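Given next are the chains, with one letter for each unit.
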Amino acid sequence: MPSWTDPKTPSFLPVSEHSDFPLQNIPFGVIGRPDEIFVCASRIGDTAIDLNAMEQLGYFDDLELPTGLFSQEALNEFISLGRPAWRAVRRRIAELYTVGSALEKKASERAEIEWPMAQVEVVLPVFVGDYTDFYASREHATNVGSMFRDPANALLPNWLHLPVGYHGRSSTIVESGVNVRRPNGQRKGPNDPAPVYGPSIKVDFELEMAFITGDGPVGETPIPVDRAEEHIFGLVLLNDWSARDVQQWEYVPLGPFLAKNFATSISPWIVTLDALEPFRTARPAQEDPLPLPYLQQEPTRANVDLQLEVAIAPDGHSETVVCQSNFKHMYWSMAQQLAHHTINGCLINAGDCMGSGTISGPDKGSFGSMLEITWNGKEPVTLADGSTRSFIEDGDTVTMRGFCKKDDLRIGFGEVSATLLPALSWNPASISKK
Ligand code: MN
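Reading the values: the criteria
- Residues numbered from 1 in each chain as written.
- Predicted model: local features only at pLDDT ≥ 70, side-chain atom pairs only at ≥ 80, totals over all residues.
- Heavy atoms only, no water.
- Helix = DSSP H or I, 4+ residues; strand = E, 2+ residues; numbered from the N terminus.
- Rg over C-alpha atoms; globule rule 2.2 N^0.38 Å.
- Buried < 20%, exposed > 50% of the residue type's maximum accessible area, 1.4 Å probe, protein only.
- Contact = heavy atoms within 4.5 Å.
- Areas by Shrake-Rupley, 256 points an atom, 1.4 Å probe, with all protein chains shown as cover.
- Lys, Arg positive; Asp, Glu negative; His and termini not counted.
- Charge placed at Lys NZ, Arg CZ, Asp CG, Glu CD.
- Donors = N, O, S within 2.8 Å, 3.2 Å for Na, K, Ca; no water.
- Patch = residues over 30% accessible without salt bridge, like charges linked within 9 Å, V, L, I, M, F, W, Y side chains within 5 Å.
- Salt bridge = Lys/Arg side-chain N within 4 Å of Asp/Glu carboxyl O.
- Pairing = 2+ DSSP bridges.
- Phe/Tyr/Trp six-rings, centres within 6.5 Å; stacked < 30°, edge-to-face > 60°.
- Lys NZ or Arg CZ within 6 Å of the ring centre and 35° of its normal.
- Expected span 1.5 Å × (residues − 1).
- Axes fitted to C-alpha atoms, helices over the stretch in contact; angles between N-to-C directions.
- Domains from an automatic or database assignment.
- Buried area = accessible area lost by both parts, 1.4 Å probe.
- Polar contact = N/O pair within 3.5 Å; in protein donor to acceptor, adjacent residues only side chain to side chain.
- Nonpolar A, V, L, I, M, F, W, Y, C, P; charged D, E, K, R; others polar.

(A) The overall build of the protein, seen in detail. Secondary structure assignment for the protein yields ten helices and 26 strands. On C-alpha atoms alone, the protein measures out to a radius of gyration of 22 Å, which is about the 22 Å that the 2.2 N^0.38 rule sets for 434 residues. Taking the principal axes of the C-alpha coordinates as reference, the protein spans close to 75 × 50 × 45 Å. Considering the protein as a whole, with its 434 residues, one finds that 54% of them fall into the buried category. Summarising the internal contacts of the protein: among those between residues at least 6 apart in sequence, 72% fall at separations of at least 24. Working note: accessible area of the protein is about 18800 Å², and carbon and sulfur atoms make up 53% of it. Measuring between centres, the 35 positive side-chain charges of the protein sit 4 Å from its 56 negative side-chain charges.

Here it is as structure tokens:
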């Protein structure tokens, strides 16, 4: 039998040339089957692989996993087992689905394991206990600093010394396909005499990746930068929905609050770091200034060459791509983010979600938010239907996609997509008068 790690080795399941999910990906997620039972799963091409069924058929017996591990509606317990278990399960699935394997001709067993993607619901893959969002793209931070402060001093004094971040809300993280509602809130433009309450008029996306963590190390709280990746289970696409007008008024001095926590959308299949290994690449140099020693000594190929795009589709119309970027541009790597996050004694748990921050590239076509693409609304973009956008309008569907490609191998994330619904008409003044 050929080795599944060879990019040319196929599965016996059909996988189209442009699929993000060949035999060499083997991502992890959670599906709702047609019988409405939710189980942990993987995916090859357009077939979902039911890991609970594989477990019950005895395919993981020698791995000595906890009983019922994959009958759960989240991957947290599996992720808690650590990287050796992630690797063993992923290898087992891939070997069983390699062309010529013993499973190929076992039709009755395969009927219990395999579900067409069209017949299943794909839901949040983990229970997210904590959500942190970083601000790790130099281009994004420079653009935002130029717009709101001073182009000559766009980066604040701390930015080149530490990965800036804030704590978000895990309660409003939703999976792709769940629609998002325009938030109400308080805003005040620089020339407005007083703040007003109402629907945000500057709803934006932020193109991000996020890594899902394993548990922190036992008996040793800070995670050293050179071992940080042992605690990263895998990655998803993330849209950090943002209300720019609310953000601009509220963020001083403690950072983002209600402008960010009304919704955060993620793609539902977690792609492991092992699957992304062929696409690892060096991050931008950090020589002036050198980071402090606890942020040095990362893996030499600390970033991932991962192509990203964002498209907007107005209600009833086809989409227009408004951004093409790449995760390789990030100044601060995932390993540095995790090392910095835990240097003070902060604990992490299996299933925590760490957003990268908006991923902007060096040129205008690679900016990862409408704030940057339209320069805060001053230069609207024209969509394929002839309409223009400064920010996201009600009924618009925002879709982000991401994949790595090298020679014959393509490993991707699918997409994270959501439609913006109109704000709720909720007027506190009229309610209090009753
Ligand atoms: Mn963000």
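Now that the structure has been shown, the text picks up again.
(B) Quick peek at the coordination of the manganese ion. For the manganese ion, the protein coordination sphere consists of Asp133 (OD), Glu206 (OE), Glu208 (OE) and Asp240 (OD), at 2.1 to 2.2 Å. Site description for the manganese ion: donor spacing in sequence, D-x72-E-x1-E-x31-D. Highlighted residues: aspartate 133 in strand β6 (residues 131–134) and glutamate 208 in strand β13 (residues 207–213), separated in sequence by 75 residues. Taken as a pair, aspartate 133 and glutamate 208 share a single burial class, namely buried.

(C) Spatial organisation of a nonpolar patch on the surface. Taken together, the side chains of Tyr197, Leu424 and Trp426 present a nonpolar region at the surface, about 360 Å² in accessible area. Structurally, tryptophan 426 can be placed in the loop between β26 (409–421) and α10 (428–433).

(D) Main features of the environment of valine 164. Its location among the elements puts valine 164 in the loop between α5 (138–148) and β7 (165–167). Sequence separation between valine 164 and glutamate 229 is 65 residues; the distance between their C-alpha atoms is 19 Å.

(E) Geometry of the pairing of strand β25 (residues 397–406). Summarising the sheet, strand β20 (residues 307–313) and β25 pair through seven bridges and their orientation is antiparallel. Pairing of alanine 311 across the sheet is with threonine 399, part of β25. Counted along the chain from β25 to the antiparallel partner β26, the turn is two residues long, and its residue aspartate 407 has a positive phi close to 50°.

(F) Region of interest: the packing of aromatic side chains. This structure, assessed with the given rule, holds nine aromatic pairs. Plain terms: the ring middles of tyrosine 331 and tryptophan 332 are 5.4 Å apart, the flat faces sit at 80° to each other, and that makes the pair edge-to-face. When its relative accessible area of 1% is taken as the criterion, tryptophan 332 is described as buried. Taken together, Phe28, Phe60, Phe70, Phe78, Trp86 and Phe233 form an aromatic cluster joined through their ring pairs. Above the ring of phenylalanine 403, the side-chain terminus of arginine 410 is found at 3.7 Å from the ring centroid.

(G) Expanded view of helix α3 (residues 83–96). The end-to-end C-alpha distance of α3, which contains 14 residues, comes to 20 Å, matching closely the 20 Å that a straight helix rising 1.5 Å per residue would cover. α3 sits mainly inside the fold: ten of its 14 residues count as buried. Inspection of α3 places Arg83, Ala85, Trp86, Ala88, Val89, Arg90, Arg92, Ile93, Ala94 and Leu96 among the buried residues, and these make up the whole buried set.

(H) Structural detail: the sheet that holds strand β3 (residues 47–50). Strand order in the open sheet made by the five strands is β4-β3-β2-β1-β5, with antiparallel pairing throughout. Strands at the two margins of the open sheet, each flanked by one partner only, are β4 (114–116) and β5 (121–123). For this sheet, the mean angle separating the axes of adjacent strands, direction not counted, is 45°. Here strand β1 (residues 29–32) runs beside strand β2 (residues 38–44); their pairing, made up of four bridges, is antiparallel.

(I) Structural context of unusual backbone geometry. Cis peptide bonds are those with omega within 30 degrees of zero, and the linkage from valine 252 to proline 253 qualifies with 0°. A cis geometry characterises the amide bond from aspartate 288 onward to proline 289, with omega recorded as 0°. For proline 289, the position within the fold is in the loop between β18 (280–281) and β19 (303–304). Residue isoleucine 26 is not a glycine yet carries a positive backbone phi of 50°. Mapped onto the secondary structure, isoleucine 26 falls in the segment before β1. Residues other than glycine seldom take positive phi values, yet tryptophan 375 does so here, at roughly 50°. Structurally, tryptophan 375 can be placed in the loop between α9 (370–373) and β23 (381–382).

(J) Structural detail: the domain arrangement of the protein. What the domain assignment reports for the protein is domain 1 (29–123) and domain 2 (131–423). Using C-alpha coordinates to define each centre, domain 1 is positioned 30 Å away from domain 2. Contact residues are listed per partner, giving 17 residues for domain 1 and 19 residues for domain 2. Counting each side, the surface lost to burial between domain 1 and domain 2 is near 1500 Å², with a carbon and sulfur contribution of 60%. Taken together, domain 1 and domain 2 are joined by three salt bridges. Taking the shortest distance from any N to any O, the salt bridge between arginine 83 and glutamate 230 comes out at 3.1 Å. Counting the contacts that link domain 1 with domain 2 gives six residue pairs in polar contact (both at pLDDT 80 or more). Elements represented by at least two residues in the side of domain 1 that touches domain 2 include exactly β1, β2, α2 (76–80), α3 and β5. By residue class, the composition of the side of domain 1 that touches domain 2 is nine nonpolar, four polar and four charged.

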